[in-house]
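Breakdown of the fold
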Amino acid sequence: MDKASSSELNAIESVMLSSLQPVDPRPEFVEGLHQRLTDPMSPTVRFTRQYSSQFILLIIATVLSGIVFILTASRVIISLIREFRLTKFK
Amino acid sequence: MVRKVPELSDEIALKLAAQGDQEAFGVLYERYVSRIYSYIYYRTGNQHDAEDLTARVFFRALRHVENYKDRGLPLSAWLYRIAHNLVANWHRDNSRRKEIPLDEIILVRHSGDLPEAVLIEKENLLHVIHRLPPDRQQLIILKFVEHLSNAEIGQVMGRSEGAVKSLYHRTLLSLRDDFYLILISGSNEGEELA
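Keep in mind that this is a model prediction, so the values were computed, not measured.

What counts, and where the lines are drawn
- Per chain, residue numbering runs from 1 following the sequence as it is written.
- Lettering of chains starts at A and numbering of ligands starts at 1, both following the order in which they are written.
- For a predicted model such as this one, the threshold for reporting local features is a pLDDT of at least 70, and the threshold for listing and counting side-chain atom pairs is 80 or more; totals across whole chains, interfaces and linings nevertheless cover every residue.
- Here a strand is any run of E in DSSP of at least two residues, a helix any run of H or I of at least four, and the numbering for each starts at the N terminus.
- Once C-beta atoms are placed from the backbone, each residue is buried if 20 or more other C-beta atoms lie within 10 Å of its own, exposed if 12 or fewer, and partly exposed for counts between those two.
- By the convention adopted here, residues make contact when the C-beta atoms placed from their backbones lie within 7 Å.
- Note on residue classes: Ala, Val, Leu, Ile, Met, Phe, Trp, Tyr, Cys and Pro are nonpolar, Asp, Glu, Lys and Arg are charged, and everything else, Gly too, is polar.
- A set of buried Ala, Val, Leu, Ile, Met, Phe, Trp, Tyr and Cys residues, joined to one another through C-beta atoms within 7 Å, is what we call a nonpolar core.
- Here the expected length of a helix is defined as 1.5 Å per residue gap, with one fewer gap than residues.
- For every element, the axis is a line fit to its C-alpha atoms; helices are fit only across the contacting stretch, and the angle between N-to-C directions ranges from 0 to 180 degrees.
- For this classification, under 35 degrees means roughly parallel, over 145 means roughly antiparallel, 65 to 115 means roughly perpendicular, and everything else is oblique.
- Crossing chirality is assigned from the near helix's rotation relative to the far helix, an anticlockwise turn below a right angle marking it left-handed and a clockwise turn marking it right-handed.
- The quantity called pLDDT is the predictor's confidence in a given residue, expressed from 0 to 100.

1. Description of the overall build of chain A
Along the backbone of chain A there are 3 helices and 0 strands. Along the chain direction, N to C, the helices and strands of chain A fall in the order α-α-α. The 90 residues of chain A split such that 2% are buried.

Structure (structure tokens):
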């Protein structure tokens, strides 16, 4: 590596040294997170097995009721179309 | 008996934390939170995500501290690796979302008392650093923000000291080329305007 190239790299290094300074977190954030980590009474959300099974049941019920709704709605629409046709031909 | 918790070494604090001693984990947290936050801040470029990811790093560390195996690496290397993985996931998840450029945010914090020429130089530098591949960004931040040695960086990145040296040299060359390209294009624009 020649002298000029070496001095260019040194210049880049010195710019980085002066530009890249550590950034401190907000004291409120540090304190708040410390409390959350070390306080055994701090509220945490845990997905228990019971919660998961309830969630799965809820999804199944939602899907089933959706199917029933679509079937009923399509039957109503079909019957309306039939009635419309019958009255048209009479 | 009153225990002087802040004087605990990392190894003892880790052992106690692994046994469920939250106070000992708190000591480790206080020792490393600023370094982890600073690292994540430079990788994400904004305070909000840096705080969110810092919290996740320490919650993940707390969850896995009982399974921590001492492989001769310092605790900081473990925490930096967790941070690196979370930042990688964050970049993947946010790749479609518009992000505020790193250089804009960092300059906003420091722009108050600096001359314009220095600000432009900083802006250019941060711009080219932000365009580097993730492993090179990690290397530059660990070296210049966290002031780690090549051996320590190697422990964090899972590379040998020689490999880190070599990667650093290649990164410097690439930074120099990009940096001067920006300077040249900036001076050409200036001439065209004149």
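Now, onward.
2. Some points on the overall build of chain B
Each helix and strand in chain B was counted, giving 9 helices and 0 strands. Each helix and strand of chain B, ordered N terminal to C terminal, gives the series α-α-α-α-α-α-α-α-α. By sequence separation, contacts in chain B at least 24 residues apart represent 58% of the contacts at least 6 residues apart.

3. Notes on the interface of chain A and chain B
Put simply, an interface is often sized by how much accessible area is lost when its parts join up. Chain A puts 19 residues into the contact, and the matching count from chain B is 27 residues. Elements represented by at least two residues in the side of chain A that touches chain B include exactly α1 (3–19) and α2 (27–38) of chain A. Per-element tally for the side of chain A that touches chain B: the top contributor is α1 of chain A, with 7 residues. In the side of chain A that touches chain B, the residues fall into 14 nonpolar, 3 polar and 2 charged.

4. Focus on the environment of Leu139 of chain B
One can find Leu139 of chain B in helix α7 (residues 134–144). Taking the C-alpha atoms as reference points, Leu139 of chain B and Leu167 of chain B, 28 residues apart in sequence, are found 8.4 Å from one another.

5. Overview of the nonpolar core
Residues and elements named next belong to chain B. With 45 residues, the main nonpolar core has Ala13, Ala17, Leu28, Ile36, Ile40, Leu79 and Ala83 as its most contacted residues. Elements with a minimum of two residues in this core: α1 (10–18), α2 (22–44), α3 (47–64), α4 (75–93), α6 (116–130), α7, α8 (150–157) and α9 (161–193). It is α2 that provides the largest number of residues to this core, a total of 13 residues. Those residues in contact with Ala83 that sit more than four places away from it in its chain are Ile36, Tyr39, Ile40, Leu53 and Val57.

6. Side note on the environment of His127 of chain B
Positionally, His127 of chain B belongs in helix α6. Put simply, His127 of chain B and Phe179 of chain B are 52 residues apart on the chain and 8.8 Å apart in space, counted from C-alpha to C-alpha.

7. Side note on α2 of chain B
Residues and elements named next belong to chain B. With 23 residues, α2 extends only 29 Å from end C-alpha to end C-alpha; this falls clearly short of the ideal 33 Å at 1.5 Å per step. Of all 23 residues in α2, 17 are buried; the element is thus mostly enclosed. In the stretch just after α2, Gly45 is the one whose phi turns positive, near 85 degrees.

8. Considering unusual backbone geometry
Within the chain, His147 of chain B stands out as a residue other than glycine whose phi angle is a positive 55 degrees. With respect to the helices and strands, the residue His147 of chain B is situated in the loop between α7 and α8.

9. Description of the packing of α2 of chain A against α3 of chain B
One way to put it is that α2 of chain A packs onto α3 of chain B with a least axis distance of 11 Å and a crossing angle of 25 degrees. The angle between α2 of chain A and α3 of chain B falls in the class roughly parallel. For the crossing formed where α2 of chain A meets α3 of chain B, the hand is right-handed. For the pair α2 of chain A and α3 of chain B, contact is made by Phe29, Leu33 and Leu37 of chain A and by Glu51, Ala55, Phe58 and Leu62 of chain B, respectively. Tallied by class, residues from the contact of α2 of chain A with α3 of chain B come to 6 nonpolar, no polar and 1 charged.

10. Quick notes on the packing of α2 of chain B against α3 of chain B
Residue and element names in this part refer to chain B. Taken N-terminus to C-terminus, the directions of α2 and α3 make an angle of 140 degrees; their axes are 9 Å apart at the nearest point. Comparing their axes, α3 and α2 come out oblique. Where α2 crosses over α3, the two elements pack in a sense that is right-handed. Side by side, α2 and α3 meet where Phe25, Tyr29, Val33, Ile36, Tyr37, Ile40, Tyr41 and Thr44 of the first sit next to Gln47, Asp49, Ala50, Leu53, Thr54, Val57, Phe58 and Leu62 of the second. Looking at the contact of α2 with α3 residue by residue, the classes come out as 12 nonpolar, 3 polar and 1 charged.

11. A short note on α8 of chain B
All of the buried residues along α8 of chain B are Glu152, Ile153, Gly154, Gln155 and Val156 of chain B. Of the residues one or two after α8 of chain B, Gly158 of chain B is the one with positive phi, at around 70 degrees.

12. Overview of the confidence of the model for chain B
Residue and element names in this part refer to chain B. Summing up the model confidence of chain B, the mean pLDDT is 81 and the portion of residues at 70 or higher is 78%. Mean pLDDT values for the elements of chain B range from 51 in helix α5 (residues 102–110) up to 93 in α3. Across the whole predicted complex the pTM is 0.69, and at the interface the ipTM reaches 0.74.

13. Some details on the confidence of the model for chain A
Summing up the model confidence of chain A, the mean pLDDT is 84 and the portion of residues at 70 or higher is 81%. Per-residue pLDDT, averaged within each element of chain A, yields its smallest value for α1 of chain A (81) and its largest for α2 of chain A (92).

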